[in-house]
2 protein chains.
Amino acid sequence: MSIRIGILGYGNLGRGVECAVKQNPDMELVAVFTRRPPEKVQILTSGAKVCTIAEIEDWKDKIDVLIICGGSATDLPEQTPKYAAMFNVVDSFDTHARIPEHFANVDEAAKASGKIGIISVGWDPGMFSLNRMYANAILPCGKDYTFWGKGVSQGHSDAIRRIAGVKDAKQYTIPVDSALDSVRKGENPELTTRQKHTRECFVVLEEGADAAAVEEAIKTMPNYFADYDTTVHFISQEELIREHSGIPHGGFVIRSGKTGWNEEHNHVIEYSLKLDSNPEFTASVIAAYARAAYRLAAEGQRGCKTVFDIAPAYLSLQSGEELRAHLL
Amino acid sequence: MSIRIGILGYGNLGRGVECAVKQNPDMELVAVFTRRPPEKVQILTSGAKVCTIAEIEDWKDKIDVLIICGGSATDLPEQTPKYAAMFNVVDSFDTHARIPEHFANVDEAAKASGKIGIISVGWDPGMFSLNRMYANAILPCGKDYTFWGKGVSQGHSDAIRRIAGVKDAKQYTIPVDSALDSVRKGENPELTTRQKHTRECFVVLEEGADAAAVEEAIKTMPNYFADYDTTVHFISQEELIREHSGIPHGGFVIRSGKTGWNEEHNHVIEYSLKLDSNPEFTASVIAAYARAAYRLAAEGQRGCKTVFDIAPAYLSLQSGEELRAHLL
């Protein structure tokens, strides 16, 4: 029998989950829940239903895992605990500072309902977190580095769009090669914000807007750009659509550490991602953890879990015997 | 209270474990067991005992985890099941083809004794296996690549030393850059053995040996060298000792896969290691899994486990709260 998947929220991430479910032969998408009028939402999976969020309770016994694809700012803090009272759930909550609070809320709801809630699944938090943790456990004497990019930052693109005179914009976060090289050599550099990443902006101006003023407004924007070396390119809307419509991302998690009686040997552990589609990759990680949620629930486990709490084998379609024979 | 560690076998790996235990504040080395006369074995840890292997049963209640540092060819298949009858054990069994059989033997012994046995811990098998498995679960439509090196292959160095006229030798396995680049670009190349790795040999000849004959014998040796582009350098014993005494190693695990409704997006997941000391890094991974063995045993679990079966948090000195707050 297939794992019956529901998707709550059909934006980029929800569509990515739909694609990921298609690639996993033990899963089946049964319903997508939306705040929009269902007749206005066109999904790709034949056989799956589109429903309003108001109907979701009727699906309690028809969905094994509900994947919650809302935003971390306001949707997930409310939705994940709420739906953990009815379903096994997985989310991609990514506000790092609020994870402890979100964990506590989901844990309480899921323990009360006897369900599993897996939070903060994706690549950061998610696979990057796992790699930070494994590398820290292996090399207790060392230093961690995380670099992001090259990739599109939605938050920074939005910040540019809010500037008067800007019609549209895309911002790329780019790791500084020389910093990466130094870290990889085990030099354990101390790096400032400016030394780790640069920011490159492609901006479409409103007619008659003052390019110099917009560039100044971007480069001096506190938190977002002021601490970085930022490059601004003004381009046409056509070029923005043609060249910058993708949502690539990625990055590097590196730990450099010492071993030996006198710490005489150096080691570098590096994990990196190069992603054509940030939401589709995040969705693919989520699909694997949805399998884990299903299996943990079937074992009678309950409460909130993160990637740290779940044995790797739970993610795999292969049995323990197959994994030992082919991947170990 | 500290996790009391015992080490069985005091070669490169055993010494590496001793160093790793020193770096983990919750662990304490209590005894090293050896087949040699104990008075001839000098360890580094003050307070730890050196004992003959015959005394090991007396330590049943004084050791929490026994780390078995023997060889995979003959030692571990016998030792790990044998000592799993008395202790929680961890080994680094690395004969990939015989893992299922070894797992079954250790599982039977450990289930009977109520102990935990964690096998095949290190980097390959070990961290490389984990990364292959996670990447496969995330990207079901994709292709795996593993490259080893640059590093010293003990087996290949030994094979050269067995040739008549060879006094000493060191062999490096080196991944081919162009193959790595192609894989990283997501080109999914089909690679032959020769296209993936080259082999570089540093050889010290016996006096009067025929260099050309030795070079020919190396380059045509079946399994070890015949399928590779091999370079042979003849050097002095002094140079070999001066330049090639280290045991560096490392490598790359890469999965390149597609997502999207029509598999239109590509993703590359890469994990790499650059290790100054192969045995010390392996030992550091083992130490983290010794912590897991201790905790699993304390929970009342029993039987054989691999890296696939153990939730990441068991490896870390940090609590769940700390991990969520700082590493997620």
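Keep in mind that what you see is a predicted model, and the values were worked out from it rather than measured. (Residues numbered from 1 in each chain as written. Chains lettered and ligands numbered in written order. Predicted model: local features only at pLDDT ≥ 70, side-chain atom pairs only at ≥ 80, totals over all residues. Heavy atoms only, no water.)

Caption draft 1: Structural context of the relation of the copies chain A and chain B. Once turned by 180° and shifted 0.0 Å along the axis, chain A lies on chain B with an RMSD of 0.0 Å. The relationship between the two copies is best expressed as a two-fold rotation axis. Closest approach to the rotation axis within chain A is made by the C-alpha atom of Ala-311 of chain A, at a distance of 1.9 Å. The share of interface residues of chain A whose copies in chain B are also at the interface is 100%, consistent with both copies meeting through the same surface. (Least-squares fit on C-alpha atoms with pLDDT ≥ 70 in both. Contact = heavy atoms within 4.5 Å.)

Caption draft 2: Layout of the sheet that holds strand β13 (residues 265–275) of chain B. Read from one edge to the other, the open sheet built from 6 strands follows the order β7(A)-β12(A)-β13(A)-β13(B)-β12(B)-β7(B), with strand pairing classed as antiparallel. If you trace the sheet from one side to the other, it starts and ends with β7 (142–148) of chain A together with β7 (142–148) of chain B, each paired once. Taking each pair of neighbouring strands and ignoring which way they run, the sheet shows an average axis angle of 10°. Examined bridge by bridge, strand β12 (residues 249–259) of chain A and strand β13 (residues 265–275) of chain A share 11 bridges and lie antiparallel to one another. In the sheet register, Gly-250 of chain A faces β13 of chain A, and the bridge partner there is Lys-274 of chain A. Against the sheet, helix α6 (residues 177–184) of chain A engages β7, β12 and β13 of chain A together with β13 of chain B, with an angle of about 30° to β12 of chain A. Against the sheet, helix α10 (residues 278–298) of chain A engages β12 and β13 of chain A together with β12 (249–259) and β13 of chain B, with an angle of about 70° to β13 of chain B. (Pairing = 2+ DSSP bridges. Helix = DSSP H or I, 4+ residues; strand = E, 2+ residues; numbered from the N terminus. Axes fitted to C-alpha atoms, helices over the stretch in contact; angles between N-to-C directions.)

Caption draft 3: Summary view of empty space enclosed by the protein. Using the criterion set out here, one finds 2 cavities of 30 Å³ or more in the structure. Estimated volume of the largest cavity: approximately 50 Å³. For the largest cavity, the full set of lining residues is Met-127, Leu-130, Asn-131 and Tyr-134 of chain A together with Met-127, Leu-130, Asn-131 and Tyr-134 of chain B. Contributions of two or more residues to the lining of the largest cavity are made by α4 (127–138) of chain A together with α4 (127–138) of chain B. Each residue belonging to the lining of the largest cavity can be placed in one class, and the counts come to 6 nonpolar, 2 polar and no charged. Considering the residues around the second largest cavity, the lining is formed by Asn-131, Ala-135, Val-253, Ile-254, Arg-255, Ile-269, Glu-270 and Tyr-271 of chain A together with Tyr-271 of chain B. Those elements that place two or more of their residues in the lining of the second largest cavity are α4, β12 and β13 of chain A. Classifying every residue of the lining of the second largest cavity gives 6 nonpolar, 1 polar and 2 charged. (1 Å grid on protein atoms, 1.4 Å probe; cavity = no way out; pocket = protein on both sides within 12 Å on 5 of 7 lines; lining within 4 Å. Points joined across faces, edges and corners; volume = space filled by probe spheres on them. Nonpolar A, V, L, I, M, F, W, Y, C, P; charged D, E, K, R; others polar.)

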